[in-house]
Protein chains: 2
Amino acid sequence: MVFVKPPQSASTREVVYSALREQILQLELPPGTGLSEKEISLQFNVSRTPVRESFVQLAQEGLLEILPQRGTYVSLIDNSLVEEARFMREQLERAVIQLACESFPEEQFIKIKSNLALQKLSVAKQDDKKMFELDEEFHRAIFEGCGKSYTWGVIQHVNVHLNRSRMLRLAADHNWSHIYSQHEQIVAAIEAHDSAEADRLMKNHLNLTVTDQSLLKEKFPTYFKTPSSN
Amino acid sequence: MVFVKPPQSASTREVVYSALREQILQLELPPGTGLSEKEISLQFNVSRTPVRESFVQLAQEGLLEILPQRGTYVSLIDNSLVEEARFMREQLERAVIQLACESFPEEQFIKIKSNLALQKLSVAKQDDKKMFELDEEFHRAIFEGCGKSYTWGVIQHVNVHLNRSRMLRLAADHNWSHIYSQHEQIVAAIEAHDSAEADRLMKNHLNLTVTDQSLLKEKFPTYFKTPSSN
DNA sequence: ACTACCATACTACCATACAAGTATGGTAGT
DNA sequence: ACTACCATACTTGTATGGTAGTATGGTAGT
């Protein structure tokens, strides 16, 4: 049995899935929004079948709630899940940064430095959306350099809720220049092979990004799952 | 917007999905096995639609490979994924065991001790399958006691490949009595609030379970993905 | 014997039709 | 005015037919 590479011509399902996923993560489809197979199928000018299949996928990721015979809704942000996601990310990032301090391929390091330069620009231009992307790319590059790409993928997969929360915070005027300076210090620690310092920095860095959950909940009450409701 | 509890009457898709998933994880459907929508739909006496949807779900978990217009196959075990899964699990288990040493609810602790007693029995009776289940339950209980149930769920979700690998090792006559004695020591460390010892034990414990990947690959060559392919 | 070709029998993919459960608004009865 | 009921218009769930791409085995030509 040999698996040759799939054609990779995007199927209809894949197109719909990606588009919806993007819209949900970008909060263009806010938490709680009601969708319907028919509505989306008309919007994309396809049949209900591929739409439905993408719904199933998104539901499995926790981005949609499918209520049989009633409707489908963009899932609310569950703060307890957000906290566990943050926990997982912290542990894994700290472990990986240790590996990075031991050894890190030169090529990837250049990539990171280049990314850092772009961050500086984006901070100056106050281009929040771009900064958000660069931030993602920064962390991803560290994982990649340590041969832990799949691990980063899992974090991404897990952190869909956390990411929406972060996106809200972005809208709530986040302090990117502080983030940037932390990134700078992390890179310096890797270069100096200073494991202890890198661990300290990364721990701080990731803790910061979760400070004011309750504050967000006040600003956007309808986006969050209430602890009581299940 | 209020989400009341879904009916939870298992849909056809859910039934098919669960059944197939179980068969794959139990290696009743070995890696590389070819499936087909029609075949499975006849087997379950349902239409192709719910079968197809469950295929999409399983593919998203990495348990199936869907090759458009060609066929669907139970995915081969990818050793690099297994290694990263092991890495993630090690980091998260070690982090959680630290929390457990700080404080652990009495009720959960009793649960673990009871589980441990059952393990002793299963080892004596050489009931490998039961021991496999108890092992899972043991680790899950630790996460649950630390309020990290979702984290454990993610590990489970990630470790589907690792689990199949472990299942093979079980078939390959695994040393459960050694595992049991390690579990015993871990529980003792938690009880004594000995973080350092717990960390050391857990690190050893999880490393053990991954020793002989290459050995497995020799025993079951067709079950594994060759590094070259794709 | 070997190779190029092609009919055939698969495959997954998508569109459509129907079924079954649910929310909603109007209406008749009180 | 209020309530119980019911027709209707939704929703997701399932079944089925047709389409396009792919593997395979046989055959004609070399």
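Residues numbered from 1 in each chain as written. Chains lettered and ligands numbered in written order. Predicted model: local features only at pLDDT ≥ 70, side-chain atom pairs only at ≥ 80, totals over all residues. Heavy atoms only, no water.

Caption draft 1: Representation of the overall build of chain A within the structure. A tally of regular secondary structure across chain A gives eleven helices and three strands. In sequence order, the secondary structure elements of chain A are arranged as α-β-α-α-β-β-α-α-α-α-α-α-α-α. C-alpha atoms of chain A, sized along the principal axes, occupy 60 × 55 × 35 Å. Here chain A holds 230 residues, and the buried ones make up 47% of them. Taking contacts inside chain A between residues at least 6 apart in sequence as the whole, the part at least 24 apart equals 74%. Only carbon and sulfur atoms are counted for the fraction: they give 52% of the accessible area of chain A, which is about 11000 Å². One finds the centroid of the 26 positive side-chain charges in chain A at a distance of 4 Å from the centroid of its 31 negative side-chain charges. (Helix = DSSP H or I, 4+ residues; strand = E, 2+ residues; numbered from the N terminus. Buried < 20%, exposed > 50% of the residue type's maximum accessible area, 1.4 Å probe, protein only. Contact = heavy atoms within 4.5 Å. Areas by Shrake-Rupley, 256 points an atom, 1.4 Å probe, with all protein chains shown as cover. Lys, Arg positive; Asp, Glu negative; His and termini not counted. Charge placed at Lys NZ, Arg CZ, Asp CG, Glu CD.)

Caption draft 2: The arrangement of the sheet that holds strand β3 (residues 71-74) of chain B in detail. Residues and elements named next belong to chain B. What the three strands build is an open sheet, ordered β1-β3-β2; its pairing is antiparallel. With partners counted over all chains shown, the strands left at the sheet margins are β1 (34-35) and β2 (64-67), one partner each. Where β2 and β3 come together, four bridges link them in antiparallel fashion. In the strand pairing of β3, glutamate 65 is matched with tyrosine 73. (Pairing = 2+ DSSP bridges.)

Caption draft 3: Molecular detail of the interface of chain B and chain A. Taken together, the 35 residues of chain B in the interface contact 37 residues of chain A. Taken together, the connections running from chain B to chain A amount to two salt bridges. Note that glutamate 53 of chain B and arginine 52 of chain A form a salt bridge whose closest N and O atoms lie 2.6 Å from each other. On inspection of chain B and its partner chain A, the count reaches nine residue pairs in polar contact (both at pLDDT 80 or more). Those elements giving two or more residues to the side of chain B that touches chain A turn out to be α1 (12-25), α3 (48-60), α4 (79-102) and α7 (149-158) of chain B. At nine residues, α4 of chain B tops the list of elements feeding residues into the side of chain B that touches chain A. When the residues that make up the side of chain B that touches chain A are grouped by side-chain class, the tally is 20 nonpolar, eight polar and seven charged. (Salt bridge = Lys/Arg side-chain N within 4 Å of Asp/Glu carboxyl O. Polar contact = N/O pair within 3.5 Å; in protein donor to acceptor, adjacent residues only side chain to side chain. Nonpolar A, V, L, I, M, F, W, Y, C, P; charged D, E, K, R; others polar.)

Caption draft 4: Structural detail: the environment of glutamine 23 of chain A. All names here are of chain A. Mapped onto the elements, glutamine 23 comes out in helix α1 (residues 12-25). For glutamine 23 and lysine 217, which are 194 residues apart along the polypeptide, the C-alpha to C-alpha distance reads 21 Å. Every residue in contact with glutamine 23, bar those within four places of it in the chain, is listed here: Glu28 and Leu29.

Caption draft 5: A look at the relation of the copies chain B and chain A. Between chain B and chain A, which share one sequence, the superposing operator has a rotation angle of 180° and an axial displacement of 0.0 Å; the RMSD is 0.2 Å. Interpreted geometrically, this transformation is the action of a two-fold axis. (Least-squares fit on C-alpha atoms with pLDDT ≥ 70 in both.)

Caption draft 6: How the structure looks around the domain arrangement of chain A. All names here are of chain A. Segmenting chain A into domains produces domain 1 (12-74) and domain 2 (79-219). Taken together, the contacts link ten residues of domain 1 with seven residues of domain 2. Here domain 1 packs against domain 2, burying approximately 800 Å² in sum over the two surfaces, 63% of which is carbon and sulfur. Applying the counting criterion to the domain 1 and domain 2 interface returns zero salt bridges. (Domains from an automatic or database assignment. Buried area = accessible area lost by both parts, 1.4 Å probe.)

Caption draft 7: Geometry of the protein's contact with DNA strand C. Looking at DNA strand C, there are 22 residues lining it, with Thr12, Ser47, Thr49 and Arg70 of chain A together with Arg52 of chain B nearest. The contact in question runs from a phosphate oxygen of DNA strand C to an N or O atom on the side chain of arginine 70 of chain A, over 2.7 Å. Between serine 36 of chain B and DNA strand C, the recorded distance is 3.4 Å, taken from a side-chain N or O atom to a phosphate oxygen. Put simply, the parts of the chain that give the surface near DNA strand C at least two residues each are α1 and α3 (48-60) of chain A together with α3, β2 and β3 of chain B. (Near = heavy atom within 4 Å.)

Caption draft 8: Spatial organisation of the nonpolar core. In terms of nonpolar packing, the biggest core is built from 88 residues, with Phe104, Ile142 and Ile190 of chain A together with Phe104, Ile142 and Ile190 of chain B touching the most fellow members. Beyond its immediate sequence surroundings of up to four residues, phenylalanine 104 of chain B is in contact with Phe109, Ile112, Ala141, Ile142, Gly145, Cys146 and Ile190 of chain B. (Core = buried A, V, L, I, M, F, W, Y, C linked by side-chain atoms within 4.5 Å.)

Caption draft 9: Examining the protein's contact with DNA strand D more closely. Taken together, 22 residues sit near DNA strand D, with Arg52 and Gln69 of chain A together with Ser47, Arg48 and Arg70 of chain B positioned nearest. For DNA strand D, the backbone makes up 61% of the atoms found within 4 Å of the protein, where backbone means sugar plus phosphate. Interatomic distance of 2.9 Å between a side-chain N/O atom of arginine 48 of chain A and a base oxygen of DNA strand D. Threonine 12 of chain B places a main-chain nitrogen or oxygen 2.7 Å from a phosphate oxygen of DNA strand D. Elements that contribute at least two residues to the surface near DNA strand D include exactly α3, β2 (64-67) and β3 (71-74) of chain A together with α1 and α3 of chain B. At three residues, the largest contribution of residues to the surface near DNA strand D is made by α3 of chain B. In terms of residue class, the surface near DNA strand D is made up of six nonpolar, nine polar and seven charged.

Caption draft 10: Structural detail: the sheet that holds strand β1 (residues 34-35) of chain A. All names here are of chain A. Strand order in this open sheet of three strands is β1-β3-β2, and the pairing throughout is antiparallel. The sheet terminates laterally at β1 and β2, the two strands that pair on one side only. The sheet contacts of α3 involve β1, β2 and β3, and relative to β2 the element is tilted by about 115°. (Axes fitted to C-alpha atoms, helices over the stretch in contact; angles between N-to-C directions.)

Caption draft 11: Focus on the pattern of salt bridges. Enumeration according to the criterion identifies 33 salt bridges over all chains in this entry. For the salt bridge of glutamate 90 of chain B with arginine 94 of chain B, the shortest nitrogen-to-oxygen distance reads 3.0 Å. Highlighted residues: glutamate 90 of chain B and arginine 94 of chain B, both in helix α4, separated by four residues, approximately one helical turn. According to the relative accessible area criterion, arginine 94 of chain B is buried, its value standing at 18%. Here the salt bridges share partners, and the residues they tie into one network are Glu37, Arg48 and Arg52 of chain A together with Arg13, Glu14 and Glu53 of chain B.

Caption draft 12: Focus on the UniProt feature "domain: HTH gntR-type" (unreviewed entry) in chain A. The residues that UniProt annotates with the feature "domain: HTH gntR-type" (unreviewed entry) are residues 10-77 of chain A. Between the C-alpha atoms that bound residues 10-77 of chain A the distance is 30 Å, and the span itself is 51% helix and 15% strand. (UniProt positions renumbered as here; feature names shortened; annotations may be inferred.)

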